[in-house]
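Observations on the model geometry
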Amino acid sequence: MRIAVIGTGYVGLVTGACFAEMGNHVVCVDNDPAKLARLQAGEIPIFEPGLQPVVEQAVQAGLLTFSADVAAAVGAAEYIFIAVGTPPGEDGSADLRYVLAVARDIGRHLQKYAVVVDKSTVPVGTADKVRAAISEELAARGASIGFDVVSNPEFLKEGAAVSDFRSPDRVIVGTDSEKARRRMTELYGPLLRNHDRMLFMGVRDAEMTKYAANAMLATRISFMNEIANLCDRLGVDVENVRKGIGSDSRIGYSFIYPGCGYGGSCFPKDVKALVQSSRACDFEPSLLQAVEARNERQKRVLFDKVVAHFGADLSGRRFGVWGLSFKPNTDDMREAPSLVLIEQLLAAGASVAAYDPVVGNDAHAGMPREWLESGRVELSKYQYDALREADAMILVTEWKRFRQPDFDAMRDLLRTPVIFDGRNQYDPVLMSDYGFTYYGIGRTNVAAG
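Residues numbered from 1 in each chain as written. Predicted model: local features only at pLDDT ≥ 70, side-chain atom pairs only at ≥ 80, totals over all residues. Heavy atoms only, no water.

1. A word on a nonpolar patch on the surface
- On the surface, a nonpolar cluster with roughly 260 Å² of combined accessible area is contributed by Leu-230, Leu-234 and Val-236.
- Position of Leu-230 relative to the elements: it lies in helix H9 (residues 203-234).
- The class for Leu-230 is partly exposed, based on a relative accessible area of 45%. (Patch = residues over 30% accessible without salt bridge, like charges linked within 9 Å, V, L, I, M, F, W, Y side chains within 5 Å. Areas by Shrake-Rupley, 256 points an atom, 1.4 Å probe, with all protein chains shown as cover. Salt bridge = Lys/Arg side-chain N within 4 Å of Asp/Glu carboxyl O. Helix = DSSP H or I, 4+ residues; strand = E, 2+ residues; numbered from the N terminus. Buried < 20%, exposed > 50% of the residue type's maximum accessible area, 1.4 Å probe, protein only.)

2. Some words on the packing of aromatic side chains
- The full count for this structure, using the stated rule, is 14 aromatic pairs.
- Ring centres of Phe-19 and Phe-165 lie 5.1 Å apart, and the angle between their planes is 90°; on these two criteria the pair is classed as edge-to-face. You can see Phe-19 sitting in helix H1 (residues 10-21) and its partner Phe-165 sitting in helix H7 (residues 161-166), a full 146 residues away along the chain.
- With a relative accessible area of 0%, Phe-19 lands in the buried category.
- An aromatic cluster is defined as three or more aromatic residues linked by ring pairs; in this entry it consists of Phe-19, Phe-81, Phe-165 and Tyr-188.
- Geometry around Phe-155 places Arg-170 over its ring, the cationic atom sitting 3.7 Å from the centre.
- A cation sits over an aromatic face here: Lys-179 above Tyr-113, 3.7 Å from the ring centre. (Phe/Tyr/Trp six-rings, centres within 6.5 Å; stacked < 30°, edge-to-face > 60°. Lys NZ or Arg CZ within 6 Å of the ring centre and 35° of its normal.)

3. Looking at the environment of Tyr-262
- When you line up the elements, Tyr-262 lands in the loop between helix H10 (238-246) and helix H11 (267-280).
- The class for Tyr-262 is buried, based on a relative accessible area of 6%.
- Spatially, the C-alpha atom of Tyr-262 lies 8.2 Å from that of Lys-327, the residues being 65 residues apart in sequence.
- Excluding its chain neighbours within four sequence positions, the residues that come into contact with Tyr-262 are Ala-218, Ile-221, Ser-222, Phe-267, Pro-268, Val-271, Val-291, Glu-292, Asn-295, Lys-299 and Glu-335. (Contact = heavy atoms within 4.5 Å.)

4. Here's the deal with the nonpolar core
- Grouped together as the largest cluster of nonpolar side chains are 42 residues, with contacts concentrated most on Leu-64, Phe-81, Met-184 and Tyr-188.
- Dropping the residues within four chain positions of it, Met-184 is found in contact with Tyr-79, Val-115, Val-117, Val-150, Asn-152, Val-173 and Met-198. (Core = buried A, V, L, I, M, F, W, Y, C linked by side-chain atoms within 4.5 Å.)

5. A closer look at helix H5 (residues 97-109)
- Under the 1.5 Å per step criterion, the end-to-end length of H5 is 19 Å for 13 residues, consistent within 8% with the ideal 18 Å.
- For H5, the full list of buried residues reads Val-99, Leu-100, Val-102, Ala-103, Ile-106 and Gly-107. The buried residues of H5 occupy one face: seen down the axis, they fall within an arc of 155°.
- Residues of H5 that are buried make contact with strand S1 (2-6), helix H4 (70-76), strand S4 (79-82), strand S5 (114-118) and helix H6 (126-141). (Expected span 1.5 Å × (residues − 1). Arc of directions from axis to C-beta.)

6. Concerning the side chain of Thr-175
- Looking at the secondary structure, you find Thr-175 in the loop between strand S7 (171-174) and helix H8 (178-188).
- A residue is classified by how much of its surface remains accessible, and Thr-175, at 11% relative accessible area, is buried.
- One polar contact links the side chain of Thr-175 to the main-chain amide nitrogen of Ser-177, over a distance of 3.0 Å.
- In contact with Thr-175, other than residues within four places in its own chain, are Val-150, Ala-180, Arg-181, Phe-200, Met-201, Gly-202 and Val-203. (Polar contact = N/O pair within 3.5 Å; in protein donor to acceptor, adjacent residues only side chain to side chain.)

7. Some points on the environment of Arg-294
- Along the chain, Arg-294 turns up in helix H12 (residues 286-298).
- Residue classification places Arg-294 among the buried positions, given a relative accessible area of 13%.
- Expressed as a C-alpha distance, the spacing of Arg-294 and Phe-223, which sit 71 residues apart in the sequence, is 8.3 Å.
- The contact partners of Arg-294, leaving out residues within four places of it in the chain, are Ser-222, Asn-225, Glu-226 and Asn-229.

Set out below in structure tokens:
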């Protein structure tokens, strides 16, 4: 089958590469010349485990190409995926200008029946707007060409996107067209041979499902962070609480790990967009607002702990920060808790040495330029270099290599042996035995033994 994927960001690139892997002919279209040049040269502009070989093999097989020619791609396609960004507007609502611009391009260049697939995360009712935009352009051409618009939201986790695509929990398709339903069943068939996990529903239902799924996961995180903050004040170890409630089959262990807040391109944006959609319907989303507010406050918890230990004036102090990306196995720093923490440390007079296994020297892409130019933020090439003569280590992202570090070396490198653990990676008693003063999230704080 011939597929056009408009947009080569995180979703578009993974979707295009994985469909090409199954033998389809895929053209990924983008209007960014620099990005296209990198892709055509074999460079992947994002870090995603397992994606590089999938792209390389599909390109070598002649199944995956990258192009700026939207007319050629749309004209030849049987499926056209819209996978462009929907950045939040000033009020938090999803900005649909790029989605609708692509819809108009499709209307200008469509040559035969195709299924137009909304892969971008969009508010309820977007498919209707896409359909109208395509129809207007077709009418302007005097062309009578059939098409269907379906909603097919993505549920790819950054850091596990390729495996998620290959073995999806579910494939949700929103459509009222029997023809589109048959076409989408054929397209996803190779992924569902062992077990049919396709769920068909109305277009608006599918659009809402994506937002509801992300909002539910964000709610679990914010709820557990709220409990952890209460545990801090009551002298309760939240790790025992987490295990206790997670053992309940009705709750489970997923997304109940307390920490220093969630980030990324999905949860923050989607919760805000759902809040704005609610208000547009004259409905006050009290729970969603609380989820968002708790997360914003949670990103400041680590700094509050630093101030409680060292005092409000951090002039002359240096902190080693481990982890910059918003989660492990990605280089994505959008809405990352590390950015909030570093901003607060700098405002209080401190300097920062930061290390991340993947972001590394590319951190300038997600970090204000003035931080690096000021000389007060240093990007360390090696993990332990970030701790040299630092007053404390602050763990923000739970990369695997941070789980069992050389604590003796850490203690010797630090000016004062203090650890602020934003992801509860370490055992407080063990840290005391190693000679550290330890602060976790909702855990018993311990002094050096």
